[in-house]
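Chain by chain, the residues run as shown.
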Amino acid sequence: MFEKLIKSIRYSFVKKIMLFIVLINLLAFLALNVISIFRTKSFLSSNIEKNLDGVCTQISAITDNYLSSKLYTLRQISTNKDIKNYLLTVKDSGTAKTNPYYNSVDFSLKNLLEIDNDLSLAWVVSDSKNFVTANGGYISNKDFDMKSRPWYPQMVSNLNTSYVWFSPIITSATTGKKTIMLVTPIMENGNLLGYAGIDIFTDKINDLFSKMPTSKGAYPLIVSDDGSIIYSDNSDSFNEKFPTKSALVVDSINNAIRLDNGLVKTERGFNTNYIQYQKSYVTNWRIMVCYDIEQAYGDQRKFFIQEIVVLLCFCILIIVCLSSKVRSTFSEIPNILKAISRVNNGNYTTKINSKSHDEIGQISNTIDYFSTELQNKLSTIENYSNYDNLTGLANRNKLYTYISEYISAAKENSGKFAVIYLDIDNFKWVNDTFGHNFGDEFLRSFSKKLKLIVEQYGVISRFSSDEFISLINFNDDIKEIGNIIDRIRSEFQTPIKIFSDELYVRFSIGISIYPDDDMTDELLL
């Protein structure tokens, strides 16, 4: 088969041109694809650090905006006057609910959770009484030890109203749920009254980070200042490229805690992985972005494959188009021969409809012209043989065709039809008195009006000079025909306007019924 193809190309100038065009396009597109791959790789490598810094800053801004709203909630607790009065006046956990400020405190804490669904708990701790008061009427028991809480040492060493302690992911001692805790001191005139805290559902934080817009291959990683992971991507691609316990990630976390901001690069074969880290402005967390540059190259590989596919499709399209052009140039010759044969057999509707402007197209157009002319002449002859030239109604010849069709239909359906004969009275007098032009116009007007009445029931024809015959199907009730005749007579009660004159028409009517009166066309007429 390959040898036959080579041989056909060797002896075909058109195929040689087609092959040459295909090879040129193939080489051009391959060269463009190679250049595109190298340029894209160079661009990604030179701009990766800038892009990573932008992604990291964007994630940090979203994180800070989210946590700033939580800080505002926490400030509402720490600055609430009733809460401060409650902490000043409460005696112990046993009598806390009888304190005059308790209901206001409980309402405020409960209201905060109703406003913010991300919170699992809002609470305050008295510094001197050592018990927790939380939303929902929760009062801690005597086993509560404030000094054993992880936030307490930080609070003691940072007694100012602007300090907020952010916890890693912990299990709340009050609710038993995974949360992140924010704690701040409650101060009044420089004196410590207690501490305010809120617990945020980790699920809400995970939802926030998982919906962050990032570029292809960029994975956010959020860690606290003790190195524990707040959030990491759960995708298989992240876990494969950046295992959280790998030396790369662990070293990057340690660098982030130690240096606050920076970039870690690791070489993996021909590719380089990047980890950008940056300290949050609001929290003590570190915002990290792990970037797998191989994924970006993977997209380029896909793009390269797509270009190859497009190239192949384009080459195939060129071959198809050129082949189609060659075939279309010579394909009309068989059509011309077929058209001549059909015209010779009397089929004048045959058309080649050539769109070519060369010699073959001119021959095709000439054959189309002759067949159209023959069809028009045949149509004119057929019209003269079947229709009245004056009125446009079917003539006697066409009437016999109608009667044959009506008889066949009636036999098949056991039906009936009526033959209604109309003869205009004194038409000769009209011709002799007003002239033949008037008589012709009279016949045209009469025929037009009669046709409008009868054509909805059947067919109408001009049988002779002043005789008209209509064929009408009907059921067994002969009254239908009587009603039609009554309508005809009624419509002609008004005169017909002929030029500037008006003329009343009188006519005689005769009826025969198939098959009651006869079953042949001659006898029915």
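One can find the structure itself at the top, above this paragraph.
Residues numbered from 1 in each chain as written. Predicted model: local features only at pLDDT ≥ 70, side-chain atom pairs only at ≥ 80, totals over all residues. Heavy atoms only, no water.

### Remarks on the sheet that holds strand 3 (residues 138–139)
Argument step 1. Spatial ordering of the open sheet is given by 3-2-1-6-5-4, a layout of six strands whose pairing is antiparallel. A strand with exactly one partner marks an edge of an open sheet, and here the two such strands are strand 3 and strand 4 (165–171).
Argument step 2. Packed onto the sheet, helix 4 (residues 102–115) meets strand 1 (119–126), strand 2 (132–134) and strand 3 and runs at close to 150 degrees relative to strand 1.
Argument step 3. Its contacts with the sheet put helix 6 (residues 202–210) on strand 4, strand 5 (178–188) and strand 6 (191–201), and the angle it makes with strand 6 is roughly 60 degrees. (Pairing = 2+ DSSP bridges. Helix = DSSP H or I, 4+ residues; strand = E, 2+ residues; numbered from the N terminus. Contact = heavy atoms within 4.5 Å. Axes fitted to C-alpha atoms, helices over the stretch in contact; angles between N-to-C directions.)

### Here's the deal with helix 12 (residues 396–413)
Every α-helical turn comprises 3.6 residues, leaving residues that sit three or four positions apart pointing alike.
Argument step 1. Over its 18 residues, helix 12 extends 26 Å from the first C-alpha to the last, a length consistent with the 26 Å expected when each residue adds 1.5 Å.
Argument step 2. Of all the residues in helix 12, the buried ones are Lys-398, Leu-399, Tyr-402, Ile-403, Tyr-406, Ile-407 and Ala-410.
Argument step 3. By the N-cap criterion, in which a side-chain oxygen at the helix start approaches the backbone nitrogen of a residue two or three places on, helix 12 is capped by Asn-395, the distance to Asn-397 being 3.2 Å.
Argument step 4. Remark: Ser-414 follows helix 12 within two positions and exhibits a positive phi of approximately 55 degrees. (Expected span 1.5 Å × (residues − 1). Buried < 20%, exposed > 50% of the residue type's maximum accessible area, 1.4 Å probe, protein only. Polar contact = N/O pair within 3.5 Å; in protein donor to acceptor, adjacent residues only side chain to side chain.)

### A look at the sheet that holds strand 12 (residues 416–424)
Note on sheets: strands pair through backbone hydrogen bonds, and any given pair is parallel or antiparallel.
Argument step 1. If you walk across this open sheet you meet the four strands as 13-14-12-17, and the pairing is antiparallel. Both outer strands of the open sheet, strand 13 (458–462) and strand 17 (507–514), are each paired with one neighbouring strand and no more. Looking at each pair of strands side by side, their axes are set apart by 15 degrees on average, direction ignored.
Argument step 2. Where strand 13 meets strand 14 (residues 467–474), five bridges bridge the pair, whose relative direction is antiparallel. In the strand pairing of strand 14, Val-459 is matched with Leu-471.

### What about the side chain of Asp-118?
Argument step 1. Relative to the helices and strands, Asp-118 resides in the loop between helix 4 and strand 1.
Argument step 2. Residue Asp-118 is classed as buried on the basis of its relative accessible area, which comes to 16%.
Argument step 3. Of the polar contacts made by the side chain of Asp-118, one reaches the side chain of Lys-70; its length is 3.2 Å.
Argument step 4. If near-sequence neighbours (up to four positions away) are discounted, Asp-118 is found in contact with Tyr-66, Lys-70, Asp-199, Ile-200, Phe-201 and Lys-204.

Just distances and angles here, no functional claims.
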